[in-house]
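Residues per chain are reported as follows:
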Amino acid sequence: MKEAQIIKGCLEGRKEAQKALVMSYSGYLMTVARRYMPDNESAKDALQDGYLKIFKNFHQFSQKKGALKSWMSRIVANEALNKRRKFIDSYAVNDQEAIIVEVAPKAIDQLHEEDLLKVINGIPEPYRLVFNLYILEGYKHKEIAELLNIKESTSRANLTRAKTLLRKRIIELEPNARWNTVK
Amino acid sequence: MEHGKIENHIENKLSNYESPVDAEGLWNSLGIEDTPTTHFSPGNKYRIYLLLVPIILGSALYLFTSSNGSNDGSENTISKESAIRQISIESQTVNQKIESKEVDSENPLVEGIELDFASNSSSSDLERLKENVQTKELNTPNRIDSKTNITTQSFNGSDSKKINAIFKNSNTAVNRNSNSIDGSNHSKTQVLASYDATNSEIQQSTVSKSSTLISDNKRELLLDGSLSNLDVPSMNSIGLMNFPRPVRCPDFGGRKPLRFNLDIHAIPYYSNQLLSLIDESELNKTWLEQRNSTEKPLEAFQVNVLGRLQTNSGLYVQGGIGYGQIDQKLSVPIQETTSTSNEQGPVIVIIYGNGIPNDTIIGEVPVTTIERKGAETYNYHRMIEIPIALGYERRMNDWGFYIDGGASLNIWTSRKGYMLKDNKPQKYEDVGVFTTSTGIKLNGSLGMKYYFNNDMSLSVGPDIRYHMQNWMKPQFGMTQKHLDIGLRVGLSIPLM
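All values derive from a computational prediction rather than experimental measurement.

Chemist: Help me understand the pattern of salt bridges, please; the structure alone is not making it clear to me.
Modeler: Pairs can form between side chains of opposite charge whenever their charged atoms are close. Residues and elements named next belong to chain B. Counted by the stated rule, this structure contains 21 salt bridges over all chains. In this structure, the salt-bridge partner of R308 is E393, at a minimum N-O distance of 3.4 Å. Of this pair, R308 sits in strand β8 (residues 295-311) while E393 sits in strand β10 (residues 357-396); the two residues are 85 residues apart in sequence, bridging distant segments of the chain. Accessibility assignment for this pair places R308 and E393 in one class, buried.

Chemist: Which parts of the structure should I look at to understand the confidence of the model for chain A?
Modeler: Atom-level detail of predicted coordinates should not be read off regions where pLDDT is low. Summarising the model, chain A shows a mean pLDDT of 77, and 79% of its residues fall at 70 or more. Here residues 86-103 of chain A is a poorly scored stretch, pLDDT under 50, and it has 48 contacts once near neighbours within four places are set aside; other chains count.

Chemist: Would you take a moment to explain the packing of aromatic side chains for this structure?
Modeler: Given two aromatic rings, their pairing is described by the distance between the two centres and the angle made by the two planes. With the rule as written, the count across this model stands at 10 aromatic pairs over all chains. For the ring pair Y51 of chain A and F55 of chain A, a centre distance of 6.1 Å and an interplane angle of 20° mean the geometry is stacked. A residue pair is termed a helical-turn pair when its members lie 3 or 4 positions apart in one helix, as Y51 of chain A and F55 of chain A do in helix α3 (residues 40-56) at four residues. Judged on exposure class, the residue Y51 of chain A and its partner F55 of chain A are both buried. Their ring planes at 50° and their centres at 6.1 Å tell us that F301 of chain B and Y323 of chain B sit as a pair that is tilted. Separated by 22 residues along the polypeptide, F301 of chain B in strand β8 and Y323 of chain B in strand β9 (residues 315-350) bring together distant segments of the chain.

Chemist: Looking at this structure, how should I read helix α8 (residues 282-294) of chain B?
Modeler: Two residues of an α-helix separated by three or four positions point the same way, owing to the 3.6 residues in each turn. All names here are of chain B. Between the first and last C-alpha of α8 there are 18 Å, a value that for 13 residues agrees with the 18 Å anticipated at 1.5 Å per step. Among all positions in α8, only N284, W287, L288, Q290, R291 and T294 are buried. Buried residues of α8 fall within an arc of 165° about the axis and therefore sit on the same side. Relative to its buried face, α8 has exposed residues pointing more than 90 degrees away, namely E282 and E289.

Chemist: Teacher, can you tell me more about the packing of helix α5 (residues 113-122) of chain A against helix α1 (residues 6-14) of chain B here?
Modeler: Each pair of packed helices can be described by the angle between their axes along with the distance between the axes. Viewed as axis vectors pointing N to C, α5 of chain A and α1 of chain B meet at an angle of 130°, and their least axial separation amounts to 10 Å. As summarised for this structure, α5 of chain A and α1 of chain B are arranged oblique, according to the angle between their axes. At the point where α5 of chain A passes α1 of chain B, the crossing takes the left-handed sense. Each of E113, L116, L117 and I120 of chain A in α5 of chain A lies in contact with α1 of chain B, whose residues at this interface are I10, K13 and L14 of chain B. Among the residues making up the contact of α5 of chain A with α1 of chain B, the classes are represented as five nonpolar, no polar and two charged.

Chemist: Any chance you could explain unusual backbone geometry here in plain terms?
Modeler: Trans is the common state for peptide bonds, and a negative phi is the common state for residues other than glycine. Located in the positive-phi region is N149 of chain A, a residue other than glycine, with phi close to 60°. Within the element layout of this structure, N149 of chain A appears in the loop between α7 (141-148) and α8 (152-173).

Chemist: What's the story with empty space enclosed by the protein in this structure? I'm lost.
Modeler: Residues and elements named next belong to chain B. If you walk through the whole model with that rule in mind, you get seven cavities of 30 Å³ or more. Each pocket or cavity is described by its volume, and for the largest cavity that value is around 130 Å³. N304, P387, S408, N443 and R488 are the residues nearest the centre of the largest cavity, which is lined by 18 residues in total. The set of elements that each furnish at least two residues to the lining of the largest cavity consists of β7 (258-277), β8, β10, β11 (399-416), β14 (440-451) and β15 (457-467). Top element by residues in the lining of the largest cavity is β10. It accounts for four residues. Classifying every residue of the lining of the largest cavity gives six nonpolar, six polar and six charged.

Chemist: I would appreciate a short explanation of the environment of D279 of chain B in the present structure.
Modeler: Residues and elements named next belong to chain B. Secondary-structure assignment places D279 in the loop between β7 and α8. In this structure, the C-alpha to C-alpha distance between D279 and G477, residues 198 residues apart in sequence, is 4.6 Å. Not counting residues within four places of it along the chain, the set of residues in contact with D279 comprises N284 and G477.

Chemist: Hey, could you run me through the nonpolar core in this one?
Modeler: One broad trend across soluble globular proteins is that nonpolar side chains are buried collectively. One finds L21, Y51, I54, F55 and F58 of chain A to be the most contacted residues of the largest nonpolar core, which totals 63 residues. Among the elements that take part in this core, helix α2 (residues 15-36) of chain A stands out by supplying 11 residues, more than any other. When near neighbours in sequence (up to four residues on either side) are disregarded, F58 of chain A contacts I7, C10, L11, L21, L68 and W71 of chain A. Counting residues in hydrophobic clusters, the runner-up holds 17 residues, among them L288, M383, Y428 and W471 of chain B.

Chemist: Sorry, what's going on with the side chain of R291 of chain B here?
Modeler: Residue and element names in this part refer to chain B. As for its position among the elements, R291 is in helix α8. Look at R291 and you get buried, because its relative accessible area is 1%. For R291, the side chain forms a polar contact with the side chain of Q480, separated by 2.8 Å. Those residues in contact with R291 that sit more than four places away from it in its chain are Q273, L275, M419, L420, F434, M472, M478 and Q480.

Rules of the game
Residues numbered from 1 in each chain as written. Chains lettered and ligands numbered in written order. Predicted model: local features only at pLDDT ≥ 70, side-chain atom pairs only at ≥ 80, totals over all residues. Heavy atoms only, no water. Salt bridge = Lys/Arg side-chain N within 4 Å of Asp/Glu carboxyl O. Helix = DSSP H or I, 4+ residues; strand = E, 2+ residues; numbered from the N terminus. Buried < 20%, exposed > 50% of the residue type's maximum accessible area, 1.4 Å probe, protein only. pLDDT = per-residue confidence, 0-100. Contact = heavy atoms within 4.5 Å. Phe/Tyr/Trp six-rings, centres within 6.5 Å; stacked < 30°, edge-to-face > 60°. Expected span 1.5 Å × (residues − 1). Arc of directions from axis to C-beta. Axes fitted to C-alpha atoms, helices over the stretch in contact; angles between N-to-C directions. Parallel < 35°, antiparallel > 145°, perpendicular 65-115°, else oblique. Left-handed = near helix turned anticlockwise from the far one by under 90°. Nonpolar A, V, L, I, M, F, W, Y, C, P; charged D, E, K, R; others polar. 1 Å grid on protein atoms, 1.4 Å probe; cavity = no way out; pocket = protein on both sides within 12 Å on 5 of 7 lines; lining within 4 Å. Points joined across faces, edges and corners; volume = space filled by probe spheres on them. Core = buried A, V, L, I, M, F, W, Y, C linked by side-chain atoms within 4.5 Å. Polar contact = N/O pair within 3.5 Å; in protein donor to acceptor, adjacent residues only side chain to side chain.

In structure tokens:
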């Protein structure tokens, strides 16, 4: 079933279209959920609840506002965030503390997606949430601040910290990686 | 790698990555049952409904007749004959030795039936059983179900709170026992409990006691006649605690079978007055020409407040109330007419000389009259109507279209103004040409709709309506109807 047919069917509430949507996008949306949840089971729960929200609010989807994929990924991300909200405020970071590092050239390319997900999931949650929302979901810092109930400056700082940590973790995977601290 | 581009690489890597997931299992866990891909047309749906109606009616009739008088919440007295018949059937079917047991006979709340089943299927025992039943006033709410051999319960609604308390306590036991007894196995007979719900002296303590008794006195009569407590499984043993996490049923918002909306329509019209002759006399022809040349349409509008009942297929019916007004202008151009006549009047006599009038006599005086005739009035026709319409709308994302048509019944009319009659402007009420009602008019509209996020929608589209009934009384030899063309702007607010 093509995406247009899926959209049409879901708008009409047809179950075969809803099933086709689940079958087509579960892999991608699971990746989204996994970026926010600590393990696969809770990610699956978030995805399941996300699907229910997607079906309930499908009439609000507008192709003019963006692709179906990104609309759904935002819903799943929000659903996952709702489940993890209580941990969000536990970290804050000062911009001054951020360090800039260089990453070895082939480190990321050589990483499998699953490993990359593990690396991302390995950094502290406040950093990870901001990184995912900003880089992968396309939220602005202002939106993230509202979503996570943090200051905009905290969002920026956490993003910087997330990048730094990610570089560090990735470079550690490279045997001959350089690790420079730049003041 | 360029400095600061790590996020781009991660984004590229993960933007299309699909994690391994059991999509089929996920779909099943959503609790949405799969349906055949056949999309039923409305016609097929109706056929299915037609098939379902007799089935449902038949089932309802069966349930009604089967439950009539047995479990209607009131205390029932089982007739002796039916009790005998049921028990006889029981004993014949079982055809095994079942010892009689008196159950809960000591419990004041439980009226046990002394069940003396036909052991060994001997006729003497059966006769004794019949005698027991016949000589005993079976004033008990019990009904013995001949299929499952489980005594079911009935309660008097007048003491529902207490009974609910009992029922809550006993419910688990009942369910468990239901698990342990095969309904088709006629080798077991079980009496769980019976309640005299009408006992006004039920106290809280006895309620507790009764619930305990209900739990404790679960017994089963085995084929060999031995009586043993039922092995009631614990919650853990039957895995109740290990049930999968409850799955929320999906709520397909906005997909109710019927939706009710409040619609408000505002329609500015251009009202085209159609005059035609019934009596084609010269006088009427002149009058018609005069009216056509002097009566001009001004603004016209209609405001409707409607309730709309809509199905998922997009079909809807709507009705409500509407106010409409048609304004016209009577414009008779000003014309001057000059006429001269001789009238009797004072004639001044001037003696030629110094020019001073010195006498006045009565005589013929020429009089010139200049007459200016004309009129400009603003007229209105006001109406209150009951509009009813059928329609169809189809939504495509935020946009959609609608088409509907129906009729409006006039319930009130008010008119004020002038019309040219007998070459002069006259008030409507003086001429008396108009009927008191504008009758029925037909209308139709089609257009586009825009849906807001909260299912509210705004519609715009052309609207046409035709007043079928002649506004004029037939004795005036002329018909007046209106064909109005307008632009409908509608706001639809979902109510439920």
